[in-house]
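# Architecture at a glance
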Amino acid sequence: MTSEMITYICKRTVVSTKPAQAGKCNPLSVFDRLMEKNHIRIVYYFPSTRNGEPGVVTKKLRESLSHVLTCFPIVTGRLQKKDDGHWMIKCNDAGVRMVEARAQGSVEEWLKNVNRDKELMLVTWEDMFHKPYFWATFYVQLTEFEEGGLAIGFSCSHLLADPTSATMFVKAWADTTLAGTMLAPPFFHPLPPPRLGNKNPNHNPYTDLINHYKSTIDDRSPAFTNNITNYVTATLAFSGPMVQACMLDTSRPSPFEAMAGLLWVCVSKVKGMKQGLISMSICLDMRKQLGLDKGFFGNCLVYNKVHHAESLLDKSELSEAARAVGESVTKMNNERIMDLIEWLEHHDYEFPPLMNGHDLICANLEDLDPYATLFEEGFVPIRVSYYVEPVFGIGQILVLQSPPSEGPLSRMVMVTLPADELSKLCDDDLILRFNPTILMG
Amino acid sequence: MPQTLPDFSNSVKLKYVKLGYQYLVNHILYLLLVPIMVAILIEVLRLGPDEILNLWKSLHFDLVQILCSSFLIIFIATVYFMSKPRHVYLVDYACYKPPVTCRVPFATFMEHSRLILKNNPKSVEFQMRILERSGLGEETCLPPAIHYIPPTPTMEAARGEAELVIFSAMDSLLQKTGLKPKDIDILIVNCSLFSPTPSLSAMVINKYKLRSNIKSFNLSGMGCSAGLISIDLARDLLQVHPNSNAVVVSTEIITPNYYQGNERAMLLPNCLFRMGGAAILLSNRRRNRSRAKYRLVHVVRTHKGADDKAYRCVFEEEDKEGKVGISLSKDLMAIAGEALKSNITTIGPLVLPASEQLLFLMTLIGRKIFNPKWKPYIPDFKQAFEHFCIHAGGRAVIDELQKNLQLSAEQVEASRMTLHRFGNTSSSSLWYEMSYIEEKGRMKKGDRVWQIAFGSGFKCNSAVWKCNKTIKTTTDNPWSDCIDRYPVHIPEIVKL
């Protein structure tokens, strides 16, 4: 039934307007290389515009995409292996793939009945080819709704970009469409180099973080070789006052910590944990800690396991969980991340790991600001959904910003779990105490 | 004797001897006239004014004789002026600049090739080798239908491309020349591979609401030299119709001809042909004489179709799988060389100065009578023309012609740079090359331009234009945003 709702018109390649400088190559950083097995998918929903003609908006967006690609030679390049066996991007100007599609009905109708599978049909993606030199790393899908509205699906390999960079690219595209210039040009440079000299000889590298990475890299468990689990995603919207209530309950100053704690406790319950909490890792953007500009294009997400005290009373389980999350967040500072980078530089691995393959992952994507992406004056996205695929292991929680009309403290949480567990989660008392609106799932 | 000549020709002394010889032969009439005039002057001075008056009175003229002589003179003058062919002026022309979003970099072309021909890696390899050595740049453009994976060459897409290219070029021409559509008396459209019904000329007439008594022609199937054939046709029509404007539209529609099979000989055009078009305004009206850019001097057409090999060397046919493509034979360069020789033999006497013709004649006689081993003398066409526009059919064509005509790198620069920036745009490439020369500020009043085009059949056509006024550089032409980057050095092989 869904396949009838969307008709694919064509697939083509969009190239930049000016030729790229020949022979330029960009090596990938240690954080980039870890993410080889993952890819990101984002869907932006826009309300109907005045321009009713089908195909006009698509044409305009395609042209502005060409213009913006001139400033992102990495996006139009292709993957190649360097002499030392590590990936690099050859900026050969090959372009991004674009798929154009039409959907029946209107955007608002679609959003009422959408689920994970349907939403993923709005974002085209192709897994890496056997010969990656001819494989496009970025994909865009433009779906025009016949009765009004537009969905822009954007997907890319996690090797080149994290959700922050992907959002930044789409924002740059929107700025170019709207005003002809980019407000925040991208920065392509490597991660900060390790500090030389004045190294404290008694300096102990932060072993917890490094150990977490080590165990993930060494983990070759069959959990991610057979994906028969049917994962489903639900989008829960928590209003501002509810988030504030949660923050008060857990006495944490940050909405992320409160939300992460809440979800952690609830997911542990639906997984059948009578006591204690399941293993969870948080995933944070480290641009600020590393002193990088917000326009830094590339991966800068770091995963860290959350440790909690085993024995605790039920009542304060929520606060304990949130506190543990908070502690993990504080532990991720500049020095420790630099140690991690240094360790990764010297530690080669044969098979790329699956960073989200084992633990429950809780990613903080609050600061992405996707609702500032305006392709036309006054047309704010109705909703923006994020997916980090493929999902393996226990599950995934993405804490996102809500549309600006909901208020600055409100949050949207996208939870991906096996189908039966997710339905249990949505009925859980603790969750329902904070009265989330179930937007999807 | 042939052995010692090359040593001499390197010396400076021989250069001055050559210059003296050329000046002598080219201005022989003036040089003979001077002593005769001097002799008459001396005789007149010797005779004195009285003697001259007596001489004048001794000639008896009566009225009848005077009247008959005057009538005879007027009659001869009238016949002379009436039978002189009308001058055909090129008022202006406009070339189509494809949108930047249609750009096809090498990497994209190869990737698409790989995705479409996934079962034939050898064909993909072949295309890559061709592209590396083709002399094309990264800014050439293909029409939107060819950007799809897989390409969708429908008739609707082909018409769409035709409308885009032809209407843009026409709009540009009408704006540049201030011509009103109702003033177009003759319309000639040439497009070799796409010939719908109603014709492309009917499409133009419909769009611009041209007059109902317009003389329209649509030339199809005539290959890359059809542009000059259209100019020739326009010229002939302008001899018959006084006070008329003729618009010639030259283009090639790529969409329906993208070969999707595996035959190597047929994959070549995919790598070289690109989107392009030009619209030219020719006129024989007197008031256009002062503002016209060029005057058409000669058009020479040579057809080698009588020879079977020449006829089959560019042949459109179906491959083993039934897919239609244009197959280029391996003797293409040799046949092109033969056709060129034929064309030069005809155009040589029309344009070369007397000095070159005499040398050529003498070496010809010498080879026939004295010693057949003498090297044939290749006339120096650089003395006949200031600028050369060689159809940018491919790097091999330009190299071959540069060698045969002994042209310098600067003289073939327009052709090479057009191939680099726009690819092989078929019949309109000559006009992109003219535009290049103009934008570089090299076109001065009195300069002579030689346009040579080759086409299927096998044809070699050339046109000679004389520049009417020094042309200033402008901003509304296809080279405006990149002329400063040219000329570029084009490597032998571009590593992909």
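Residues numbered from 1 in each chain as written. Chains lettered and ligands numbered in written order. Predicted model: local features only at pLDDT ≥ 70, side-chain atom pairs only at ≥ 80, totals over all residues. Heavy atoms only, no water.

### Here we look at the pairing of strand β6 (residues 96-103) of chain A
Residue and element names in this part refer to chain A. Which entries qualify depends on this criterion: Only protein chains enter the accessibility calculation, which uses a 1.4 Å probe; a residue is then buried when its area is under 20% of its type maximum, exposed when over 50%, and partly exposed in between. Under the scheme used here, helices are H or I runs from DSSP no shorter than 4 residues and strands are E runs no shorter than 2 residues, and both carry numbers assigned from the N terminus. Any two strands are treated as partners once DSSP identifies two or more bridges connecting them.
Within β6, 7 of the 8 residues are buried, which leaves the element mostly enclosed by the surrounding structure. Where strand β1 (residues 6-14) lies against β6, 8 bridges are found, and the strand directions are antiparallel. Its bridge partner being in β6, Arg 12 is matched across the sheet by Met 98.

### Considering the nonpolar core
For clarity, the threshold we go by: Put simply, a nonpolar core is a bunch of buried Ala, Val, Leu, Ile, Met, Phe, Trp, Tyr and Cys residues held in one set by side-chain atoms that sit within 4.5 Å of each other. When checking whether two residues touch, look at their non-hydrogen atoms; a contact exists if any pair is within 4.5 Å.
Counting 138 residues, the largest nonpolar core has Phe 31, Leu 65, Phe 169, Trp 173, Trp 264, Leu 290 and Leu 425 of chain A as its most contacted members. Per-element accounting of this core gives the leading share, 11 residues, to helix α9 (residues 255-270) of chain A. Setting aside chain neighbours within four positions, we find Trp 173 of chain A in contact with Leu 61, Ser 64, Leu 65, Val 68, Val 140, Leu 142, Ile 152 and Phe 375 of chain A. Within the second largest apolar cluster, 75 residues are counted, among which are Tyr 93, Ala 158, Ala 279 and Val 299 of chain B.

### Some thoughts on the confidence of the model for chain B
Cut-off, in case you're wondering: The predictor's confidence in any single residue is recorded as pLDDT, a number from 0 to 100.
Residue-level pLDDT values for chain B average 90, and 98% of them are 70 or greater. For this predicted complex, the interface score ipTM comes out at 0.86, alongside a pTM of 0.88.

### Side note on the pairing of strand β7 (residues 314-318) of chain B
Residue and element names in this part refer to chain B. As defined by bridge partners, β7 adjoins strand β8 (residues 324-328) across 5 bridges and the pair is classed as antiparallel. Its bridge partner lying in β8, Glu 316 is registered against Ile 326. Hairpin connection between β7 and β8: a loop of 5 residues separates the two successive antiparallel strands, and Gly 322 in this loop has a positive phi of roughly 90°.

### Observations concerning the interface of chain A and chain B
Stated formally: Two parts placed together each lose some accessible area; with a 1.4 Å probe, that loss summed over both constitutes the buried area. Salt bridge criterion: a side-chain nitrogen from Lys or Arg within 4 Å of a carboxyl oxygen from Asp or Glu. We call two N or O atoms a polar contact when they sit within 3.5 Å, provided that within protein one can donate a hydrogen and the other can accept it, with sequence-adjacent residues counted only if both atoms are side-chain atoms. Residues are grouped as follows: Ala, Val, Leu, Ile, Met, Phe, Trp, Tyr, Cys and Pro are nonpolar; Asp, Glu, Lys and Arg are charged; all remaining types, including Gly, are polar.
Counting residues at the interface gives 21 residues for chain A and 17 residues for chain B. Where chain A abuts chain B, roughly 1700 Å² becomes buried across the two surfaces, and 58% of that area is made up of carbon and sulfur atoms. Remark: the boundary between chain A and chain B carries 3 salt bridges. Ionic pairing is found between Glu 111 of chain B and Arg 78 of chain A, a salt bridge with its closest N-O pair at 2.5 Å. Linking chain A to chain B there are 9 residue pairs in polar contact (both at pLDDT 80 or more). Class assignment of the residues belonging to the side of chain A that touches chain B gives a composition of 7 nonpolar, 5 polar and 9 charged.

### Some words on the sheet that holds strand β9 (residues 231-238) of chain A
Residues and elements named next belong to chain A. Put simply, the test is: Axis lines are fitted to C-alpha atoms, over the contacting stretch for helices. Their N-to-C directions set the angle, which ranges from 0 to 180 degrees.
With mixed pairing, 7 strands are arranged side by side in an open sheet as β11-β10-β12-β14-β15-β9-β16. If you trace the sheet from one side to the other, it starts and ends with β11 (301-305) and β16 (437-440), each paired once. Across the sheet, the axes of successive neighbouring strands diverge by a mean angle of 25°, strand direction being ignored. Strand direction decides the pairing type here: β9 and strand β15 (residues 411-418), joined by 8 bridges, are antiparallel. Residue pairing in the sheet places Thr 235 in a bridge with Met 414 of β15. Docked against the sheet, helix α10 (residues 317-331) engages β10 (280-285) and β11, running at close to 45° with respect to β10.

### A few points about the packing of helix α3 (residues 56-69) of chain A against helix α6 (residues 163-179) of chain A
Residues and elements named next belong to chain A. Counted only if it meets this: Angle categories: roughly parallel below 35 degrees, roughly antiparallel above 145, roughly perpendicular from 65 to 115, and oblique for all the rest. Handedness of a helix crossing follows the sense of rotation of the near helix relative to the far helix, less than a right angle counterclockwise being left-handed and clockwise being right-handed.
Between α3 and α6, the shortest axis-to-axis distance is 9 Å and the interhelical angle comes to 115°. With respect to α6, the element α3 is oriented roughly perpendicular. Where α3 crosses over α6, the handedness of that crossing is right-handed. Facing α3, whose interface residues are Lys 60, Leu 61, Ser 64, Leu 65, His 67, Val 68 and Leu 69, α6 presents Phe 169, Ala 172, Trp 173, Thr 176 and Thr 177.

### Here's the deal with the sheet that holds strand β2 (residues 186-191) of chain B
All names here are of chain B. Across the sheet, which stays open at both edges, the 9 strands sit in the order β3-β2-β4-β5-β1-β6-β11-β10-β9 with mixed pairing between neighbours. Across the chains shown, the open sheet's two edge strands, defined by having one partner strand only, are β3 (215-219) and β9 (387-390). Here the strands of the sheet are splayed against their neighbours by 20° on average, with no regard to which way each runs. Of the strands in this sheet, β6 (294-303), β10 (448-455) and β11 (459-467) touch helix α13 (residues 332-351), which is tilted by about 135° from β6. Packing of helix α17 (residues 429-439) onto the sheet brings it into contact with β1 (89-95), β5 (276-283), β6, β9, β10 and β11, and relative to β9 it is tilted by some 150°.

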